[in-house]
Amino acid sequence: MTLTTKETDLLKDLKTQEQLCIDKYTRYSQQACDTGLKNLFNSICSTERTHLQTVTDILNGCEPHETTAPTATTSVYTGKSSCDETSKQNDAYLCRDALAMEKHVSSVYDTCVFEFANPKLRDTLAHIQKEEQNHGEQLYTYLDSNGLYNS
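What comes next concerns the included structure. What you see is a predicted model, and the numbers here were worked out from it, not measured in a lab. (Residues numbered from 1 in each chain as written. Predicted model: local features only at pLDDT ≥ 70, side-chain atom pairs only at ≥ 80, totals over all residues. Heavy atoms only, no water.)

1. Quick look at the packing of aromatic side chains
Centre-to-centre distance and the angle between the planes together describe a pair of aromatic rings. Tallying each qualifying case throughout the model produces two aromatic pairs. Between the aromatic rings of Tyr25 and Phe41, the centroid separation amounts to 5.7 Å while the plane-to-plane angle is 40°, which identifies the pairing as tilted. With Tyr25 in helix α1 (residues 5-31) and Phe41 in helix α2 (residues 35-59), this pair connects stretches of sequence that are 16 residues apart. Like Phe41, Tyr25 is buried. Seen in terms of ring centroids, Tyr28 and Phe41 are 5.8 Å apart; in terms of plane orientation they differ by 55°. Their pairing is tilted. Residue Tyr28 is located in helix α1, and its partner Phe41 is located in helix α2; the two are separated by 13 residues in the primary sequence. Comparing Tyr28 with Phe41, the two get one shared label, buried. Put simply, the rings of Tyr25, Tyr28 and Phe41 touch in pairs and so form one group of aromatic residues. (Phe/Tyr/Trp six-rings, centres within 6.5 Å; stacked < 30°, edge-to-face > 60°. Helix = DSSP H or I, 4+ residues; strand = E, 2+ residues; numbered from the N terminus. Buried < 20%, exposed > 50% of the residue type's maximum accessible area, 1.4 Å probe, protein only.)

2. Here we look at the side chain of Glu18
Summarising the element assignment, Glu18 is placed in helix α1. Lacking a salt bridge, the buried Glu18 has Arg49 as its closest oppositely charged neighbour, with an N-O distance of 10 Å. Within the structure, Glu18 has its side chain in polar contact with the side chain of Tyr109 (distance 2.6 Å). Setting aside anything within four residues of it in sequence, one finds Glu18 in contact with Glu48, His51, Leu52, Val105, Tyr109, Ile128 and Glu132. (Lys, Arg positive; Asp, Glu negative; His and termini not counted. Salt bridge = Lys/Arg side-chain N within 4 Å of Asp/Glu carboxyl O. Polar contact = N/O pair within 3.5 Å; in protein donor to acceptor, adjacent residues only side chain to side chain. Contact = heavy atoms within 4.5 Å.)

3. Re the state of the cysteines
Summed over all chains, the structure comprises one disulfide. Cys33 shares a disulfide with Cys83; S-S distance 2.1 Å. Residues Cys33 and Cys83 are joined through a disulfide that is left-handed, its torsion about the S-S bond being -105°. Residue Cys33 is found in the loop between α1 and α2, and its partner Cys83 is found in the loop between α2 and α3 (85-115); the two are separated by 50 residues along the sequence. Using a relative accessible area of 32% as the deciding quantity, one classes Cys33 as partly exposed. There is no disulfide at Cys62, and the cysteine sulfur nearest it, in Cys112, is 18 Å away. Given a relative accessible area of 0%, Cys112 falls into the buried group. (Disulfide = S-S within 2.5 Å.)

4. Quick notes on the packing of α2 against α3
Between α2 and α3, the shortest axis-to-axis distance is 13 Å and the interhelical angle comes to 20°. Here α2 lies roughly parallel to α3, going by the angle between them. Where α2 crosses over α3, the handedness of that crossing is left-handed. Packed against α2, whose contacting residues are Leu37, Phe41, Ile44, Glu48, His51 and Val55, the element α3 presents Asp91, Leu94, Cys95, Ala98, Glu102 and Tyr109 at the interface. By residue class, the composition of the contact of α2 with α3 is eight nonpolar, one polar and three charged. (Axes fitted to C-alpha atoms, helices over the stretch in contact; angles between N-to-C directions. Parallel < 35°, antiparallel > 145°, perpendicular 65-115°, else oblique. Left-handed = near helix turned anticlockwise from the far one by under 90°. Nonpolar A, V, L, I, M, F, W, Y, C, P; charged D, E, K, R; others polar.)

Below, the structure is given as structure tokens:
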């Protein structure tokens, strides 16, 4: 599989973004007070590792595996946090930052979908973008269920 210079540069950017996601979710899972939020961060981090591997494989010239239908939103912990108010506000900050990161990463994937010539690569990138959007939905749901989205 041959990539253009532009495609290679975009994939390198995606690789950097995915590594940043992994690093943040790893730290955030350690910093969060609420167990449900820790689990959410760990779950999303696992998916980001898969994304990083897919992007790395494409950069190394490997054809991506067949993509399936976009991943449905997985169940989200919607229980109420039992943390004190200061810890809840810290958890809200972590969630808001993660949500902003997901919005950015999703937009980078959106650009890539339009820039790649190979239909299989476009489908793979669109699939990952949908998973990034699902991460955003999970983070929003956590914030909203704990009354932290607009606080």
